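Residue strings, one per chain:
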Amino acid sequence: MYAVILAAGVGTRLGRPFPKSLSVLPTGERILGRQIRLLREAGITKVIVVVGFKMSLIMEEYPDVLYCYNPVYYVTNTSKSLLHCLSRLDEDVLWMNGDVVFDGDILPEVMARAGENLVCVDKKRCAEEEVKYRVDGTGNIAEISKTVANPQGEAVGINMISRAGLPAFVDALQRCDDMDYFEKGMELCLREGVAWKPHDISSYRCIEVDFLEDWQQVQATFANG
């Protein structure tokens, strides 16, 4: 199994002069460093970081992981960053946004479900900006986007695609517009009969840092590690 971390974006909403994934947590770890450490502790040794904005800062800080460069990071979104990487792989892939701070216990649970297509979800009330989801009568994901009506919670930015589902997902990402999030590729797959299952992580700490308010919540929530 590979792990892919999406860290190519500029992160304009947080307004940092460096990649958001390099933000330093209260413990002294950077967001990206914590993600890499937790992945390795869970047993994933093949970690790929997708880079773009000020990539040398990331690569110099973490020289012992693999890298995939999105050369058009400034005019594309996560669908294309993920495509740059997945189009080269042929295994189960666990991937995450490079700005998610989470409890490490989430990872073994996801890995135990290898062979499935999973979306980690938090059953909570969602703000307009968050990616939301809804399940169907069989318990599979029925909708996933920022515009889901009557959502059941948030998709937190940690996901897994099976080796069997990878070709269909890569094809869907290729059909996404440049500025689409990768969830658009999931939506296209859903319409074509590819099943995605929710994995509830509501009992764990997990925060995606989009705005200053999120960063302040991370600092309070993860003050002790």
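Residues numbered from 1 in each chain as written. Predicted model: local features only at pLDDT ≥ 70, side-chain atom pairs only at ≥ 80, totals over all residues. Heavy atoms only, no water.

J.: Describe the packing of helix H5 (residues 166–175) against helix H6 (residues 182–191), with residues and values.
T.: Contact geometry for H5 and H6: axes closest at 8 Å, N-to-C directions at 120°. Here H5 is positioned oblique relative to H6, judged by the angle of their axes. H6 is crossed by H5, and the crossing has right-handed handedness. Residues Ala168, Phe169, Ala172, Leu173 and Arg175 of H5 form the contact with H6, whose own contacting residues are Phe182, Gly185, Met186, Leu188 and Cys189. Each residue belonging to the contact of H5 with H6 can be placed in one class, and the counts come to 8 nonpolar, 1 polar and 1 charged. (Axes fitted to C-alpha atoms, helices over the stretch in contact; angles between N-to-C directions. Helix = DSSP H or I, 4+ residues; strand = E, 2+ residues; numbered from the N terminus. Parallel < 35°, antiparallel > 145°, perpendicular 65-115°, else oblique. Left-handed = near helix turned anticlockwise from the far one by under 90°. Contact = heavy atoms within 4.5 Å. Nonpolar A, V, L, I, M, F, W, Y, C, P; charged D, E, K, R; others polar.)

J.: I'd love a proper account of the pairing of strand E1 (residues 2–7), names of residues and values included.
T.: Among the 6 residues of E1, 6 are classified as buried, and the element is accordingly described as predominantly covered. Two strands pair when backbone bridges link them, and E1 and strand E2 (residues 46–51) are joined in this way by 6 bridges, in the parallel orientation. Within E2, the residue paired with Leu6 across the bridge is Val50. Each parallel crossover has a hand, and for E1 linked through helix H1 (residues 31–41) to E2 it is right-handed. Bridge count between E1 and strand E4 (residues 93–97): 5 bridges; the pairing is parallel. Residue Ile5 lies in a different strand from E4, and its bridge partner there is Met96. (Buried < 20%, exposed > 50% of the residue type's maximum accessible area, 1.4 Å probe, protein only. Pairing = 2+ DSSP bridges. Right-handed = clockwise from strand over helix to strand, strands pointing away.)

J.: Give a description of the nonpolar core that names residues and reports values.
T.: Counting 35 residues, the largest nonpolar core has Val4, Leu82, Leu86, Leu89, Trp95, Phe169 and Trp196 as the members making the most contacts within it. Setting aside its immediate chain neighbours within four residues, Leu89 contacts Tyr2, Val4, Ile48 and Leu166. (Core = buried A, V, L, I, M, F, W, Y, C linked by side-chain atoms within 4.5 Å.)

J.: Tell me about the pairing of strand E8 (residues 141–145), residues and numbers included.
T.: By the bridge criterion, 4 bridges tie strand E7 (residues 132–135) to E8 in an arrangement that is antiparallel. Within E8, the residue paired with Val135 across the bridge is Ile141.

J.: Before we move on, can you summarise the UniProt feature "domain: MobA-like NTP transferase" (unreviewed entry) in the chain with the specific residues and values?
T.: Taken from the UniProt record, the annotation "domain: MobA-like NTP transferase" (unreviewed entry) applies to residues 3–126. Within residues 3–126, the helical portion is 27% and the strand portion 23%, while the C-alpha atoms at the span's ends are 27 Å from each other. (UniProt positions renumbered as here; feature names shortened; annotations may be inferred.)

J.: Please set out a nonpolar patch on the surface residue by residue, giving values where relevant.
T.: Taken together, Val72, Tyr74 and Val75 make up a surface patch of nonpolar side chains, about 270 Å² in accessible area. Position of Val75 among the secondary structure elements: in the loop between strand E3 (66–69) and helix H3 (78–86). (Patch = residues over 30% accessible without salt bridge, like charges linked within 9 Å, V, L, I, M, F, W, Y side chains within 5 Å. Areas by Shrake-Rupley, 256 points an atom, 1.4 Å probe, with all protein chains shown as cover. Salt bridge = Lys/Arg side-chain N within 4 Å of Asp/Glu carboxyl O.)

J.: Can you break down the packing of aromatic side chains residue by residue, with the values?
T.: Inspection of every chain in the model, using the stated rule, returns 5 aromatic pairs. Here the aromatic rings of Trp95 and Trp196 are separated by 6.3 Å at their centres, their planes lie at 85°, and the arrangement is edge-to-face. Placement of Trp95 in strand E4 and of Trp196 in the loop between H6 and strand E10 (197–200) is noted, with a sequence separation of 101 residues between them. Between Phe169 and Trp196, the aromatic rings sit 5.2 Å apart at their centres with planes inclined by 70°, giving edge-to-face as the arrangement. Residue Phe169 is found in helix H5, and its partner Trp196 is found in the loop between H6 and E10; the two are separated by 27 residues along the sequence. (Phe/Tyr/Trp six-rings, centres within 6.5 Å; stacked < 30°, edge-to-face > 60°.)

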